[in-house]
Amino acid sequence: MLHNVFRLSQCHRKAHNIYRLTQCSALKRRFSSSIALETPEIDVPLSTGRVLRISSGKYARFADGCSVVTIGDTAVMVTAVAKQKSQNASFLPLVVDYRQKSAAAGRIPTNFLRRELGPSEKEILSARLVDRSIRPLFPAEFRYDTQIVCNMLAIDSVNPPDVQAINGASAALALSDIPWHGPVGAVRVGLVDNEVIINPTRKELQLSMLDLVVTATKQNLVVMLEGRGNVVNENELRMAIKKGTKEAQLIINGIERLQKSFGKPKRPLELLPAVDEEIQNAVRTMSEMRLREIFRDYSHDKFSRDQAVSSTRTDTIDKVWSSFPNADPSQISETYNKFVKSVFREMLLEENQRCDGRGLDDLRKISCSVNLHKPLHGSALFQRGQTQVFCTVALDSPESALRLDPIASLDSGTKSKNFFLHYEFPPYATGETGKIGPIGRREIGHGALAEKGLLPVIPNEHPFTIRLTSEVLESNGSSSMATVCAGSMALMDAGVPLQEAAAGVAIGLVTKYENEDTKHLQDYRILTDLLGIEDYMGDMDMKVAGTRRGMTAIQADIKVPGLPLKVVMEALQKAMEARFRILDLMDETIGATRTVRKDCWPVTDRLVIEVHQRSKLLGPGGTNLRRLYVETGVQLTPEDETSFRIFAPSEAAMHEAKEYLENLLKAEKIPDLEFGAIYTARIVELRDTGVMVTLYPSMPPTLLHNSQLDQRKIAHPSALGLLVGSEIQVKYFGRDPVSGYMRLSRKVLQGPATAMIRNLERPSVAASAGATNQTSTSTEEVKS
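The present account deals with the structure reproduced in this document. Nothing here was measured: the structure is a model prediction, and the numbers come from that model. (Residues numbered from 1 in each chain as written. Predicted model: local features only at pLDDT ≥ 70, side-chain atom pairs only at ≥ 80, totals over all residues. Heavy atoms only, no water.)

## Comments concerning unusual backbone geometry
Move 1: Residue P183 follows G182 across a cis peptide bond; omega there is 5°.
Move 2: By secondary structure assignment, the location of P183 is in the loop between helix 4 (162–175) and strand 7 (185–192).
Move 3: In the Ramachandran plot, Q219 falls in the positive-phi region, its phi being about 65° despite a non-glycine side chain.
Move 4: By the element assignment, Q219 lies in the loop between strand 9 (210–217) and strand 10 (221–232). (Helix = DSSP H or I, 4+ residues; strand = E, 2+ residues; numbered from the N terminus.)

What follows is the structure, encoded as structure tokens:
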């Protein structure tokens with residue numbers, strides 16, 4: 001009875017908890033989609049015939065918004081969650097996490113713990129792709145902690161999931177109650193045989209000259225560009241951007257229909273505290289003239305200008321606060337920051353003159369040099385204004401290639417990379433102190449962009465693995481594009497036969513519009529060779545790398561809710577013109593030293609041996625190869641049974657290694673053994689499977705198997721009375737074509753002798769024995 005009472009009390013407690021949960025308005029709102037009679041799902045037919053399916057309401061219903069995007073058999077789930085209360089931040093605290101799951105591809109992780117660990121480089125780059133696509137469309141007043149999580153449900157190795165994560169994030173935010181000025185649509189654009197392909201498959205992408213991700217919003221406004229090209233002509237690039245923007249409208253329309261039927265009402269936005277108009281006028285009065293003088297003083301550099309603006313900020317805040325003691329100092333500071341930005345932009349639009357005295361299309365002063373340190377395979381220093389990048393090249397053996405994890409290999413179609421770039425941005429590059437630790441997301445993104453810019457000019461067949469390191473020594477804008485310039489010169493200095501030099505430049509933008517409608521711009525200015533302050537105050541940071549023939553990499557970070565195609569195309573034209581001017585300056589530096597060979601350059605060669613020499617070359621457990629590497633730094637890599645590839649870090653090391661190998665393989669003259677001849681063999685070891693014998697003193701022992709010892713079947717050589725040191729006659733049948741081992745037999749000699757017996761160990765004794773022992777068989781004098 002007590003047991004029944006206890007169960008009854010448990011049921012009452014559970015029922016009470018369920019009742020409390022159903023009274024929670026937030027949970028009622030989140031579960032409303034789950035009890036709907038219709039399933040939130042829509043199919044978006046693309047122009048290529050493929051169908052993009054977007055669904056919601058089935059998974060992760062506690063999230064503010066969730067969507068699943070499926071194309072082919074690839075499915076990506078994206079969730080969006082934002083806190084209900086603002087953290088009083090001065091920016092949008094948005095975090096995007098993109099995770100590739102091995103289980104989604106039917107794999108098990110290969111690390112020690114057999115589980116997903118920290119984010120890989122591919123995951124970080126994909127997360128940045130999603131972040132830059134959705135961030136510009138959040139309201140300026142929205143400053144709530146927001147997290148977007150992209151989770152791979154299934155990967156079919158045909159359709160890449162990263163672009164669909166952008167569409168999933170767009171749908172999740174549109175369906176949620178989070179304030180957002182979306183939706184956006186994203187497509188990947190390929191170029192195969194001069195034909196634009198939308199959302200190409202992995203195999204099509206490997207044949208494509210272009211891999212471009214285009215994110216756009218309504219009215220054909222471009223929000224984000226990211227891609228690489230195999231020296232793609234600018235006209236083809238413009239055509240691809242237009243096609244991708246048009247195709248994105250189909251996805252946007254589909255998400256809008258889904259939002260209209262199943263979207264949640266947007267939560268009321270907590271407006272920022274209004275700043276008194278008198279305080280704004282006071283800030284303007286106290287600082288406007290001083291700021292204009294600072295931005296007109298072309299003698300300022302990065303630090304002196306920042307210091308002058310900071311000093312004006314401190315003085316303005318103190319004076320305004322003394323006049324309005326009840327005002328919040330943080331509001332005065334934020335008002336000042338907004339005013340500085342407006343003054344900077346107004347001056348650019350009015351005067352067409354930049355804060356460092358350049359015109360809109362002018363480049364900063366450029367200087368570059370190569371071959372800076374003798375031990376380095378290749379090195380270059382590129383200085384553009386106050387941006388300075390030092391690049392070095394290290395050439396190593398093919399075994400040093402970067403191995404990709406199985407999921408990244410499945411996504412990209414490549415298992416290893418023999419060219420990779422590592423980008424470093426230490427704190428002293430901006431005159432700051434900080435902890436130097438694991439590489440950050442920003443460094444990974446900048447390094448990947450510079451690597452894309454240089455990869456198309458690297459020859460496909462190269463005997464070495466190339467590691468290019470870029471260290472930013474000074475930074476005042478566009479350090480990733482300076483890396484492309486310095487890296488191109490360093491590779492040429494290292495003797496890498498580049499198809500042509502590559503360079504990069506950053507293009508900025510300042511716009512003027514009303515009511516956040518960027519479709520109808522009132523005015524705008526395009527800035528060539530972007531400064532750091534222009535990037536901070538402006539509306540776009542478009543980085544374009546390429547050669548004289550075309551584009552190799554592009555990344556457009558747009559900070560307004562979309563740009564018209566006209567402005568994007570004009571920015572691409574400015575980038576091309578600036579790139580040509582930079583390449584002219586680089587050619588003057590690298591032209592004289594490009595053909596000079598360095599003593600430190602590595603070399604390769606090939607070693608061919610006989611099959612039976614393989615064991616002697618390797619040594620017990622490969623000790624000879626390890627000793628060769630420790631003593632000379634030379635690596636031997638087997639290609640097949642008889643050939644090895646030799647990698648030496650220098651010409652001197654190659655000579656030393658060849659001398660070592662020559663002494664190692666040098667042996668006494670090996671007698672020419674005659675096929676079918678009978679030889680005297682000495683037993684050196686007894687084994688269960690047979691006896692180990694030698695025919696001459698310097699010969700490595702070879703096995704005479706039990707099956708070849710006697711015509712009778714024997715289990716052990718001792719059954720025949722054979723002992724170590726005794727001599728037997730064997731017949732030689734050449735070498736095995738696969739293993740290289742001698743083929744010997746004693747069994748065939750059990751019948752009448754048909755040939756002479758030859759003793760290769762003791763010719764004098766054998767000769768005397770042959771003279772005295774005259775038998776019915778005709779034996780001749782033994783020849784050695």
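## Concerning the environment of Q750
Move 1: Residue position: Q750 is located in the loop between strand 29 (742–745) and strand 30 (757–759).
Move 2: You can call Q750 partly exposed: its relative accessible area is 37%.
Move 3: Filtering out sequence-adjacent residues up to four positions away, Q750 remains in contact with L709, D710 and Q711. (Buried < 20%, exposed > 50% of the residue type's maximum accessible area, 1.4 Å probe, protein only. Contact = heavy atoms within 4.5 Å.)

## Quick notes on empty space enclosed by the protein
Move 1: Considering all chains together, one arrives at 5 cavities of 30 Å³ or more under this definition.
Move 2: Lining the second largest cavity are F295, Y298, F344, M347, L348, E351, Q353, R354 and C355.
Move 3: Ranked by the residues each element gives to the lining of the second largest cavity, the list is headed by helix 9 (residues 329–351), at 4 residues.
Move 4: For the lining of the second largest cavity, the per-class residue count stands at 6 nonpolar, 1 polar and 2 charged. (1 Å grid on protein atoms, 1.4 Å probe; cavity = no way out; pocket = protein on both sides within 12 Å on 5 of 7 lines; lining within 4 Å. Points joined across faces, edges and corners; volume = space filled by probe spheres on them. Nonpolar A, V, L, I, M, F, W, Y, C, P; charged D, E, K, R; others polar.)

## Let's talk about the sheet that holds strand 13 (residues 387–396)
Move 1: On the basis of which strands lie adjacent, the open sheet formed by 5 strands has the order 11-12-13-17-16 and mixed pairing. Two strands bound the open sheet, and with one partner strand each, they are strand 11 (366–370) and strand 16 (419–424). Averaged over all pairs of adjacent strands, the angle between strand axes in this sheet comes to 15°, irrespective of strand direction.
Move 2: In terms of strand pairing, strand 11 meets strand 12 (residues 378–384) through 5 bridges, oriented antiparallel. Paired with S367 across the bridge in strand 12 is Q383.
Move 3: Taken strand by strand, helix 14 (residues 565–590) contacts strand 11 and strand 12, and its axis lies near 30° from that of strand 11. (Pairing = 2+ DSSP bridges. Axes fitted to C-alpha atoms, helices over the stretch in contact; angles between N-to-C directions.)

## Side note on the packing of aromatic side chains
Move 1: Under the counting rule described, the total for this entry stands at 7 aromatic pairs.
Move 2: One aromatic cluster is present, formed by F138, F142, Y144 and W180 through successive ring pairs. (Phe/Tyr/Trp six-rings, centres within 6.5 Å; stacked < 30°, edge-to-face > 60°.)

## A word on the packing of helix 12 (residues 479–493) against helix 14
Describing two packed helices takes the angle between their axes plus the distance from one axis to the other.
Move 1: Across the interface, helix 12 lies against helix 14 with an axial gap of 11 Å and an inter-helix angle of 30°. Taken as axis vectors, helix 12 and helix 14 run roughly parallel relative to one another. The handedness of the crossing between helix 12 and helix 14 comes out as right-handed. Mapping the contact onto sequence places C485, S488, M489, M492 and D493 in helix 12 and I582, M586, T589 and I590 in helix 14. (Parallel < 35°, antiparallel > 145°, perpendicular 65-115°, else oblique. Left-handed = near helix turned anticlockwise from the far one by under 90°.)

## Section: the nonpolar core
Move 1: Formed by 94 residues in total, the largest nonpolar core has its most connected members in L212, L225, F382, L491, M542 and I582.
Move 2: The element best represented in this core is helix 14, accounting for 11 residues.
Move 3: Formed by 36 residues, the second largest nonpolar core is a distinct cluster that contains V130, L137, I155 and A186. (Core = buried A, V, L, I, M, F, W, Y, C linked by side-chain atoms within 4.5 Å.)

## Observations regarding the pairing of strand 3 (residues 65–71)
Move 1: In terms of burial, strand 3 is a largely internal element, 6 of the 7 residues being buried.
Move 2: Bridging between strand 2 (residues 51–55) and strand 3 involves 4 bridges; their strand directions are antiparallel. Along strand 3, the bridge assignment pairs R53 with T70.
Move 3: With 7 bridges connecting them, strand 3 and strand 4 (residues 74–82) associate as antiparallel partners. Looking at strand 4, one finds that C66 is bridged to T79.
Move 4: Two successive antiparallel strands, strand 3 and strand 4, enclose a turn made up of 2 residues, where G72 displays a positive phi of approximately 65°.

These figures come from the coordinates and say nothing about function on their own.
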